[in-house]
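Read off the chains here:
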Amino acid sequence: MRNKRTLPRERSGKAKLWGGACILLVFAAVSLATAQIAPYPKNDMEFEVWLKPSAAHLLGTDSYGQDVFSQLVYGTRTSFLVGVLAGLITTIIGVLVGVTAGFYRRWVSDALMFVVDLLLIIPVMALMIILASFLPSMGLTSIVLVIGLLSWLYMARSIRSQTLSERQRGYVEAARVAGMSDLSIMLREILPNLYPIILANLVSVTTHAVLAEAGLSFLGIGDPKNVSWGTILALAHANNAIMYDAWWWIVPPGLATALFCFGFILIGNGSLERFRYKRGASQQT
Amino acid sequence: MRIQPSYAVRRVAFAAATLLAAIVMNFLLPRLIAGNPAEMIASQTALGSPEVAEAIKKQFGLENDSLLYQFKQYIVQLAHGNLGISYFNYPTPVSEVLLKALPWTLGIVLISTLLSYAAGWLIGIRGALKPGTWFDNAALGVSFFINSVPYFWIGILLILLFGYKLDWFPMGQAFSVDYDSLSAAGKLRSISYHAVLPIVSLAIASLASHILVLRNNLSRALTEDYMVLARAKGLSGRRRTFHYGVRNAFLPSFTGFMLSLGHVVGGAITMEIVFSYPGIGMLTYNAILNHDYPLIQGAFLMIAVSIIAVNLLADLIYPFIDPRVNLN
């Protein structure tokens, strides 16, 4: 009975992982081969304005006479880069802080968590706006840094609580008895057991980073020279795309974000399901 | 179920520390990133005469290079409610500009927060009680979708559909052009009519998280041992679900609810821009466009203070709802 119930779960976890990986691979391929996929050069304004979708312009043209589909393809690269890089920075800081705070008791943990709780209350989006608007220029690097350096708080909490429960387990005690140093216990013993939780968190912080970039671009504090899904929406809104009924300019960037995040969510859920399945199995034996 | 003094003191001290951190950040960040604010003020042509720039510099201690001295002056001005003068709306003080925009934001965000929690909790409960049904799956799917799109995009789509295509609601602004000539009832009607789409957009955008959180918590609560015990005691299904399951599942949701009340002021920044709604978000946006630094800082401080205050309130109410936190 138990086996029959858990087996499909493992399979569904695997299917989700694969599905998510496929979606992300497509996005990665698009952002690598933008020039080959986009039918027209970046920011090319030579077409008639407000054209409806047709064979020549799959998603029509905007108020500047740019091909929306091409802009979307170039935007994919920016959004992908910002999401992945900012997500990685967030994850590294989150894991470092989380594992340290979870492993060392007393004042290290207290001090780190005090800082985290404190920063958690301060509105991150508002802080990003302040930073972004005071920085002399917002290049891609500053966007990645602003988002990456400000988003790790929830992740640190979640990694910490998982580390707390891992360090109670027998294998940590065994490693200690075997004379392993704190650092190698953290890196070689505890960290591998945290991978699924880390992956699940990585997924949500990456999703968050893509949405944060869209929000900042919409506020006009992104990188003006770069095309991203957020800047496309910002331009569409600023140029009254609604009044021209230009749904082809409004709908695709949102759907692209949704599909991109969906890929990450699939990976996150799939890895968590597999983790629970494996944990359940190992605890029974 | 009394609140313990030591717990209350700790929470108040924590709120004070957070407030201090927010103030320090607000003071330090612009100075670290953008350099000397005195030069920034001096270079602002919007300030009119050099004498005015000089007066403001003096007021905020900018003529002295010592950061500590500047910080002291900053705190003194803050204590008097002086957030500086808005460059763009010169000579209106920042605090006045902010207070004028505040009611608009509070109105739409408070109502939408209440709405989305009510709907999210109902949908979440129903999904958790009947997991795997089409209703549950649809709710989950829609929630994940909403969580994956920029939330201002939802607003744009609703304007396109209900504002432009169907022409049921206005496409933006907080009231109609002939607002000043309207009677009191007419004004109220105009405001409500214009607020419908922003409120609905905000409610939909935040609905997803509420559904997911409550559904997860309730699903977990339903598998706890005390549910088995309640069943063994012969309690009715309805009593088990609501008094035992939902009550326990609510606790984390309550914290979330209070937190989002705190985010009321700053939570609608991009949505307000989409709807050209004259609240704090729109103000911040214009301040960014006009490089109105005092106003940006003032808006940040206002958002931070509201969050810290509501957080403290939530912490102080929590022991009455869940007596266990006092024990910690």
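Our subject is the structure that appears above.
From a predicted model like this one, the values you see are computed outputs, not experimental measurements.

Rules used in this analysis
Residues numbered from 1 in each chain as written. Chains lettered and ligands numbered in written order. Predicted model: local features only at pLDDT ≥ 70, side-chain atom pairs only at ≥ 80, totals over all residues. Helix = DSSP H or I, 4+ residues; strand = E, 2+ residues; numbered from the N terminus. Buried ≥ 20, exposed ≤ 12 C-beta atoms within 10 Å, placed from the backbone. Contact = placed C-beta atoms within 7 Å. Axes fitted to C-alpha atoms, helices over the stretch in contact; angles between N-to-C directions. Parallel < 35°, antiparallel > 145°, perpendicular 65-115°, else oblique. Left-handed = near helix turned anticlockwise from the far one by under 90°. Nonpolar A, V, L, I, M, F, W, Y, C, P; charged D, E, K, R; others polar. Core = buried A, V, L, I, M, F, W, Y, C linked by C-beta atoms within 7 Å.

Caption draft 1: Seen up close, the overall build of chain A. Along chain A, the regular secondary structure elements total 11 helices and 0 strands. Along its sequence from the N terminus, chain A presents helices and strands in the succession α-α-α-α-α-α-α-α-α-α-α. The C-alpha extent of chain A, read off along each of the three principal axes, is 75 × 50 × 30 Å. Expressed as a percentage of the 285 residues in chain A, the buried residues total 49%. Pairs at least 24 residues apart make up 73% of the contacts formed inside chain A by residues separated by at least 6 positions.

Caption draft 2: How the structure looks around unusual backbone geometry. Residues and elements named next belong to chain B. A positive phi angle is found at Q173, which is not glycine, with a value near 70°. Looking at where Q173 falls in the secondary structure, it is placed in the loop between helix 7 (151-165) and helix 8 (184-222). For S276, which is not glycine, the phi dihedral falls at a positive 45°. Counting through the fold element by element, S276 comes out in the loop between helix 11 (269-274) and helix 12 (280-289).

Caption draft 3: Geometry of the packing of helix 5 (residues 94-129) of chain B against helix 6 (residues 134-147) of chain B. Residue and element names in this part refer to chain B. It is the contact of helix 5 with helix 6, at a shortest axis distance of 8 Å, that shows an interaxial angle of 130°. Regarding the angle of helix 5 to helix 6, the classification is oblique. Of the two possible hands of crossing, helix 5 and helix 6 adopt the one that is left-handed. Of the residues in helix 6, those in contact with I123, R126 and G127 of helix 5 are F135, D136, A139 and L140. Here the contact of helix 5 with helix 6 is built from residues that sort into 4 nonpolar, 1 polar and 2 charged.

Caption draft 4: The arrangement of the nonpolar core in detail. One finds A:M128, A:I147 and B:A299 to be the most contacted residues of the largest nonpolar core, which totals 150 residues. Considering each element in turn, this core owes the most residues, 17 residues, to helix 9 (residues 182-218) of chain A. Sequence-distant contacts of A:M128, defined by excluding residues within four places in its chain, comprise A:V146, A:I147, A:L150, A:A212 and A:L216.

Caption draft 5: Region of the structure containing the environment of A:L24. With respect to the secondary-structure elements, A:L24 resides in helix 1 (residues 2-32). In the structure, A:L24 is positioned 207 residues away from A:T231 in sequence and 21 Å away in space, judged by C-alpha atoms.

Caption draft 6: A look at helix 8 (residues 170-177) of chain A. With 0 of 8 residues buried, helix 8 of chain A lies mostly on the surface of the structure. Residue A:G179 follows helix 8 of chain A closely and has a positive phi angle near 90°.

Caption draft 7: The arrangement of the interface of chain A and chain B in detail. At the interface, 34 residues of chain A touch 36 residues of chain B. Broken down by secondary-structure element, the contributors of at least two residues to the side of chain A that touches chain B are helix 4 (106-121), helix 5 (124-134), helix 9, helix 10 (229-238) and helix 11 (247-284) of chain A. Looking at the side of chain A that touches chain B, the element that brings in the most residues is helix 11 of chain A, giving 8 residues. Grouping the amino acids of the side of chain A that touches chain B by side-chain chemistry returns 25 nonpolar, 8 polar and 1 charged.

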